[in-house]
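Structural overview for review
Chain residues, written in single-letter form:
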Amino acid sequence: MAAAALSAWLTLQPGTRTLRAFCTSVSPATRSAIPSPRTADRRPRYERPLRRKALPPRTEKMTLDQDWPSVYPVAAPFKPSAVPLPIRMGYPIKRGVPMAKEGNLELLKIPNFLHLTPVAIKKHCEALKDFCTEWPAALDSDEKCEKHFPIEVDTTDYVSAGPSIRNPKARVVTLRVKLSSLNLDDHAKKKLIKLVGERYCKTTDVLTIKTDRCPLKRQNYDYALYLLTVLYHESWKTEEWEKDKTEADMEEYVWNNSSSEKNILETLLQMKAAEKNLEVNKEELLATKEVEEYKKSVVSLKNEGDNENTLSQYKESVKKLLNLM
Amino acid sequence: MLKRVTRLVPRACQLDPGHFLHGGPQAPQSLAARLDDQVPDENPRAGSHPSEDDPVRTFNEACLMVRRPALELLRHLDDTNFAHPAVRYVLYGEKGTGKTLSLCHVVHFCAKRDWLIVHVPDAHLWVKSSRGLLRSAYSRRRFDQPVEAANWLKSFKTANERFLSQIKIQETYMWNKRESTEKGRPLGEVVEQGLTRVKNATDAVGIVLKELKSQSCSGAFRLLVAVDGVNALWGRTTLKREDKSLMAPEELALVHSLRKMVRNDWHGGAVVLALSQTGSLFTPRMACLPQELLGKEGFDALDPFVPILVSNYSPEEFESCIQYYLENSWLQHEKAHTEEGKKELLFLSDANPGQLERLCAYL
């Protein structure tokens, strides 16, 4: 029998006492029938050192109000006998359930944060409090913080167990500032946004400068501040070639001197000419309420795109202008 | 608000509603020649497809549902002040909602009132695969399209027979060394010249449009310019020059003259335009709003215009459409006339006219 041969081979190996249970459970009949070669240990059973039975897992001895941070004080792999949760993980086979936690490789592979429960973090904070200074009492709201400290600088320090304390990732410096806290006029703001390109977020009005081109954090920080200064001063200057800005470069639609203005002016002039009313001049025409409304509707149509609102606004204003009501 | 004067007839299921009036006759009078037992002034149809599923022949009538956008337009047209520059109306809406048919309704209305109709059934045809592109004799930079121009001249002639002899041209035009049309001759001669000498057809079209524009100001007639698929005029083309580079629409003489026509620097009429995504080149399928289809250039050229939204059927319109089908026994399914069947059709087609027509074609 293959089982008997296997058990014979296994008993020949030293230190395979655990598998003796396997042999006895698998083929008791064959074992008694076929005499297998005995192990070297011929002591009677009561003299052999007793193998310890497997103890019940630690979870059964855990109370509900135990101190969890002492069970998992540091980042450790998942120990099914030490975690009292009935977790299952794995892809279930048909008509089955995910595998239980005992011997589950999937639970071992993933990172766990059992060492960072809220209680543990509270303890860390308590320990760190001795090293902190107090928050200034005057800065008790977000607006005050922003008003007095508009620039936010983010840096990261890395600590790891290893031969060297240096980490190249530690040199990255991120500088964030809201453009509303800078003193910029309309032209300067548009020029700045064009200069920085992707680094500006329109929805939050935040300019983010991330530098990592210098080897040290201090150098990167200086460079980021230098960039901010240069951007600010450059955006205030107006160069010669900025006069050539065409309509395609404009960020938003500007009504004055646009073709829409010309069109409407021509139309109105023709209408007035038809009514033999030649004394009106351009400024008067443009200053009427209907033209104002029309201008607003065209600007919103171009800037926001087409939607029901803008289109119906436009329709109403055109109808009023052309006296179609 | 739904006058049951005329009722809707859907197009055959194979055709796209956008490609409706595909190079066919565009005006009431021409229809009488094509369709049998016709009431003389029915709306324009594309009778160029003699298939059995042509509902015009099936129903022996061409019917049109009177709907709100068209009524609004007609009201405005009635109130037009002909001394003011021509107002431009743009019909827009999703695919299959009835823009082209509303345009046809307006054309029919104006034809009944004796306006002169300049109708371009689908401007997309002029910028797509056309054979026989020639260098224009009139302007070195532009290109002629003799085939399309000749087709259009033919339909223009059938549509406006009466006016062709009345209107006299105001300048002498030299076609070549031997032929010319003198000042004071009727416009019909220019059209004839274009039809017989196909090489000059595009120039003939340009002349016709120019004359009509300048003479409508005098008040002898009312001019209606109706263009379907007007976004083709400012879009892109798929036509290539000799060196295989793509052409811009401005380089086509037909497009150039039509663009001049839809400007509002003339008075004595109106301009009704319909946008169309089906058939347009290089536009996304879901685009249906004016700015998306016209682009910046087109919008600036047409500004200021009155945009008119054509939407899906309202409940009453849907009811009347189903009633029409049932009365003409178009719907053969036994559950079609039940309430459940109607609700199912409403759900499946979402009250979209084009979709409903396609669905009912199977029933």
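Quick caveat, the model's predicted, so the values are computed rather than measured. The written sequence of each chain sets the order in which its residues are numbered from 1. Just so you know, chain letters begin at A and ligand numbers begin at 1, following the order they were written in. For a predicted model such as this one, the threshold for reporting local features is a pLDDT of at least 70, and the threshold for listing and counting side-chain atom pairs is 80 or more; totals across whole chains, interfaces and linings nevertheless cover every residue. Each side-chain value is worked out from all heavy atoms of the structure, with water and hydrogens disregarded.

1. Structural notes on the overall build of chain B
For clarity, the cut-off: Note on conventions: DSSP H or I runs of at least 4 residues are helices, E runs of at least 2 residues are strands, and numbering of each starts at the N terminus. Each residue gets one of three labels from its accessible area relative to the maximum for its type: buried under 20%, exposed over 50%, partly exposed in between, using a 1.4 Å probe on protein chains only. The accessible surface values rely on the Shrake-Rupley method and a 1.4 Å probe; as for residues, cover is taken only from the protein chains in view.
Within chain B, the secondary structure is distributed over 14 helices and nine strands. Within chain B, the proportion of its 363 residues that are buried is 57%. As presented, chain B carries roughly 16,000 Å² of accessible surface, and 51% of it is formed by carbon and sulfur atoms.

2. Let's talk about the overall build of chain A
Note the cut-off: Here, two residues are considered to be in contact whenever any of their heavy atoms come within 4.5 Å of each other.
A count of helical and extended segments in chain A gives 13 helices and four strands. Counting over 325 residues, chain A shows a buried share of 25%. The long-range share in chain A, meaning contacts at least 24 apart out of those at least 6 apart in sequence, stands at 52%. Here chain A displays about 24,400 Å² of accessible surface, and carbon together with sulfur accounts for 58% of that area.

3. Details of the sheet that holds strand β1 (residues 87–92) of chain B
Residues and elements named next belong to chain B. Filter applied, for reference: At least two bridges found by DSSP between two strands are what make those strands a pair. Axis definition: a line fitted to C-alpha atoms, limited for helices to the stretch in contact. Angles are taken between N-to-C directions and run from 0 to 180 degrees.
Here five strands make up an open sheet; going across it, the order is β2-β7-β8-β1-β9 and the pairing parallel. Of all strands in the sheet, those bounded by a partner on one side alone are β2 (116–120) and β9 (306–309). Averaged over all pairs of adjacent strands, the angle between strand axes in this sheet comes to 15°, irrespective of strand direction. Across five bridges, the pairing between β2 and strand β7 (residues 223–228) is parallel. Across the sheet, the residue bridging to Ile117 is Leu224, located in β7.

4. Let's talk about the interface of chain B and chain A
Test applied: Buried area: the accessible surface (1.4 Å probe) lost by two parts on joining, summed over both. Any carboxyl oxygen of Asp or Glu within 4 Å of a side-chain nitrogen of Lys or Arg constitutes a salt bridge here. Nonpolar residues are Ala, Val, Leu, Ile, Met, Phe, Trp, Tyr, Cys and Pro. Charged residues are Asp, Glu, Lys and Arg, and all others, Gly as well, are polar.
Listed as interface residues are 23 residues of chain B and, on the opposing side, 23 residues of chain A. The largest per-residue losses of area from chain B upon contact with chain A belong to His84(B), Gln291(B) and Pro304(B), which jointly make up 24% of the total buried on that side. Between the two partners, chain B and chain A, sit three salt bridges. The closest approach of N and O atoms between Lys315(A) and Glu72(B), which form a salt bridge, is 3.1 Å. Sorting the residues of the side of chain B that touches chain A by element identifies α3 (68–78), β1, α11 (290–302) and β9 of chain B as the ones contributing at least two each. Residue contributions to the side of chain B that touches chain A peak at six residues, all from α11(B). Split by residue class, the side of chain B that touches chain A holds 13 nonpolar, four polar and six charged.

5. Digging into the sheet that holds strand β1 (residues 152–155) of chain A
All names here are of chain A. Strands sit in the order β1-β2-β4-β3 across an open sheet of four strands; the sheet is antiparallel. Here the strands that pair on one side only, and so sit at the sheet edges, are β1 and β3 (200–201). In the sheet, strand β2 (residues 173–178) pairs with strand β4 (residues 206–211) via six bridges, with the strands oriented antiparallel. Residue pairing in the sheet places Val173 in a bridge with Thr211 of β4. Across the sheet, helix α9 (residues 217–236) touches β1, β2 and β4, and the angle it forms with β4 is around 140°.

6. Considering the nonpolar core
Residue and element names in this part refer to chain B. Convention followed: To qualify as a nonpolar core, a set must consist of buried Ala, Val, Leu, Ile, Met, Phe, Trp, Tyr and Cys residues joined through side-chain atoms within 4.5 Å.
Core analysis: the largest hydrophobic core is formed by 99 residues, its most contacted members being Tyr89, Trp152, Phe156, Leu212, Leu223, Leu224 and Val227. Take this core: its biggest share by element is seven residues, from helix α9 (residues 201–216). With sequence-adjacent residues up to four places away left out, Leu212 is seen in contact with Leu116, Val118, Phe156, Ile167, Leu187, Phe221 and Leu223. Listed in part, the 14 residues of the second largest apolar core include Met65, Phe318, Leu331 and Cys360.

7. Some words on the side chain of Gln193(B)
If you trace the backbone, Gln193(B) turns up in helix α8 (residues 187–196). Non-local contacts of Gln193(B), meaning those with residues more than four positions away in its chain, are made with Trp175(B), Glu179(B) and Asn200(B).

8. Notes on the packing of helix α6 (residues 146–159) of chain B against α8(B)
Residue and element names in this part refer to chain B. The line we're drawing: By convention the crossing between two helices is left-handed if the near helix lies anticlockwise of the far one by an angle smaller than a right angle, and right-handed if it lies clockwise.
Put simply, α6 and α8 touch, their axes get as near as 9 Å, and they point 145° apart. Seen along the crossing, α6 lies across α8 with a hand that is left-handed. Contacts from Ala150, Leu153, Lys154, Phe156 and Lys157 of α6 reach α8 at Val191, Glu192, Gly194 and Leu195. When the residues that make up the contact of α6 with α8 are grouped by side-chain class, the tally is five nonpolar, one polar and three charged.

9. Regarding the pattern of salt bridges
Per the stated rule, a full pass over the model turns up 28 salt bridges over all chains. A salt bridge links Asp140(A) to Lys144(A), with the nearest nitrogen and oxygen atoms 3.1 Å apart. Notably, a salt bridge pairs Glu297(B) with Arg259(B), separated by 3.9 Å at the nearest N-O pair. Of this pair, Glu297(B) sits in helix α11 while Arg259(B) sits in helix α10 (residues 253–261), and the two are 38 residues apart along the sequence. Since its relative accessible area comes to 48%, Glu297(B) is described here as partly exposed.

10. Some remarks on the environment of Pro69(A)
Residues and elements named next belong to chain A. Within the secondary structure, Pro69 is located in helix α4 (residues 68–71). Remark: the alpha-carbon pair of Pro69 and Pro118, spanning 49 residues in sequence, is separated by 9.7 Å. The contact partners of Pro69, leaving out residues within four places of it in the chain, are Val119, Ala120 and Lys123.

11. Quick word on helix α13 (residues 339–349) of chain B
Residue and element names in this part refer to chain B. As a reminder of what qualifies: This arc corresponds to the set of directions leading from the helix axis out to the C-beta atoms.
All of the buried residues along α13 are Gly341, Lys342, Leu345 and Ser349. Buried residues along α13 cover an arc of 100° about the axis, so they all sit on one side. In this structure, α13 carries Glu339, Glu340, Lys343, Glu344 and Phe347 as exposed residues pointing more than 90 degrees from its buried face. Structurally, α13 contributes buried residues whose contacts are with α12 (315–327) and α14 (353–362). Backbone geometry just after α13 places Asp350 at a positive phi near 55°.

12. Structural notes on the pairing of β4(A)
Residues and elements named next belong to chain A. Pairing analysis gives two bridges linking β3 to β4, with the strands arranged antiparallel. Note on β4: the bridge partner recorded for Cys201 is Val206. Between β3 and β4, which follow one another and run antiparallel, lie four residues, and Asp205 among them has a positive phi close to 60°.

13. A look at helix α13 (residues 308–321) of chain A
Residues separated by three or four positions in an α-helix point in the same direction, a consequence of the helix having 3.6 residues per turn. Basically, it comes down to this: To estimate the expected span of a helix, count its residues, drop one, and scale the result by 1.5 Å.
Helix length check: α13(A) (14 residues) gives 20 Å between terminal C-alpha atoms against 20 Å at 1.5 Å per residue, within 8%. When we look at burial in α13(A), the residues that qualify are Thr310(A), Leu311(A), Tyr314(A), Lys315(A), Ser317(A), Val318(A), Lys319(A) and Leu321(A). If you follow the buried residues of α13(A), they end up packed against α10 (259–274) and α12 (289–304) of chain A together with α3, β1, α11 and β9 of chain B. Downstream of α13(A) by a residue or two, Asn323(A) has a phi angle that is positive, lying close to 60°.

14. Examining the confidence of the model for chain A
To keep it simple, the criterion reads: The predictor attaches a confidence to each residue, called pLDDT, with possible values from 0 through 100.
On average, residues of chain A carry a pLDDT of 83, and 86% of them reach 70 or more. Within the model, pLDDT remains below 50 along residues 14–33 of chain A, and this stretch shows 13 contacts once partners closer than five positions in the same chain are excluded.

15. What to know about the pairing of β2(B)
In terms of burial, β2(B) is largely enclosed, as five of its five residues are buried. Of the two faces of β2(B), both are covered, the one formed by Leu116(B), Val118(B) and Val120(B) as well as the one formed by Ile117(B) and His119(B).

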